[in-house]
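As a plain string of letters, each chain reads:
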Amino acid sequence: ILNVEQSPQSLHVQEGDSTNFTCSFPSSNFYALHWYRWETAKSPEALFVMTLNGDEKKKGRISATLNTKEGYSYLYIKGSQPEDSATYLCAFLNQGGKLIFGQGTELSVKP
Amino acid sequence: NAGVTQTPKFRILKIGQSMTLQCAQDMNHNYMYWYRQDPGMGLKLIYYSVGAGITDKGEVPNGYNVSRSTTEDFPLRLELAAPSQTSVYFCASSSRDVAYLGQPQHFGDGTRLSIL
């Protein structure tokens, strides 16, 4: 059984706050770790695909790190804005092509 | 650019009816996936396929069937619809080419299915 866990389940922050979420995944049979941003009534939008231990990726105010040996990834948002409100999903891709999603972290940013 | 196309967008079924959710992609992707969206649970993998003629079970396959006779199409079939299958269904695809490791999944717009 592939277990992908995200924490926290939900987060409420004020505009300007910085925040981070965690994604835990199996450390064996690793192929890639995906992060997606998912707004209500839309399809998930890809943020990052990370493949190497120690990878760090950045897109504007959002960045992510990867530790494949211990099986976790962090997503950081610097200076949160109301438009960052969404559910953030991580997904673990194994070497057999199976892509399993975590349950997501729902972020709400208040002006 | 069509990408991943899902049909229908909405459907209401009666308990016990059957239907097929269609998914087509025009990017020559090897990998295709079906997910269902459950509140507070993110996306649950129903079935996936790594190429034409190959399918495999995901996390929640019971009550569903799939086939992959071509690279482009990956239909999902519900044989005896049950209220527990009320959900939003997403189809996705990705490449298995050399550059594949850096490529995310491409999602369809989803099919909203209600079973009454």
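Residues numbered from 1 in each chain as written. Chains lettered and ligands numbered in written order. Predicted model: local features only at pLDDT ≥ 70, side-chain atom pairs only at ≥ 80, totals over all residues. Heavy atoms only, no water.

(A) A look at the nonpolar core. Ranked by internal contacts, the top residues of the largest apolar core, which has 43 residues, are A:L33, A:W35, A:L75, A:F101, B:Y33 and B:Y35. With 7 residues, strand β9 (residues 86-94) of chain A is the largest single contributor of residues to this core. Excluding anything up to four places from it in sequence, A:L33 contacts A:C23, A:F25, A:F48, A:V49, A:M50, A:L66, A:S73, A:C90, A:A91 and A:F92. Grouped together as the second largest cluster of nonpolar side chains are 19 residues, B:V4, B:M19, B:Y47 and B:L78 included. (Core = buried A, V, L, I, M, F, W, Y, C linked by side-chain atoms within 4.5 Å. Buried < 20%, exposed > 50% of the residue type's maximum accessible area, 1.4 Å probe, protein only. Helix = DSSP H or I, 4+ residues; strand = E, 2+ residues; numbered from the N terminus. Contact = heavy atoms within 4.5 Å.)

(B) Region of the structure containing the packing of aromatic side chains. Taken as a whole, this structure holds 17 aromatic pairs over all chains when the rule is applied. With centroids separated by 5.6 Å and ring planes inclined at 90°, the aromatic side chains of A:Y36 and B:F107 adopt a geometry described as edge-to-face. Note that A:Y36 is positioned in strand β4 (residues 30-38) and B:F107 in strand β10 (residues 106-107), a pairing that runs across two chains. A relative accessible area of 0% means that A:Y36 is categorised as buried. Three or more aromatic residues joined by ring pairs make a cluster, and in this case those are A:Y36, A:W38, A:F101, B:Y31, B:Y33, B:Y35, B:Y48, B:F90 and B:F107. (Phe/Tyr/Trp six-rings, centres within 6.5 Å; stacked < 30°, edge-to-face > 60°.)

(C) Inspection of the sheet that holds strand β3 (residues 19-25) of chain B at higher detail. Residue and element names in this part refer to chain B. The antiparallel open sheet is built from 4 strands, whose spatial order is β1-β3-β8-β7. Two strands bound the open sheet, and with one partner strand each, they are β1 (4-7) and β7 (64-66). Along the sheet, successive strands turn relative to each other by an average axial angle of 20°, direction set aside. Bridging between β7 and strand β8 (residues 76-78) involves 3 bridges; their strand directions are antiparallel. Within β8, the residue paired with V66 across the bridge is L76. (Pairing = 2+ DSSP bridges. Axes fitted to C-alpha atoms, helices over the stretch in contact; angles between N-to-C directions.)

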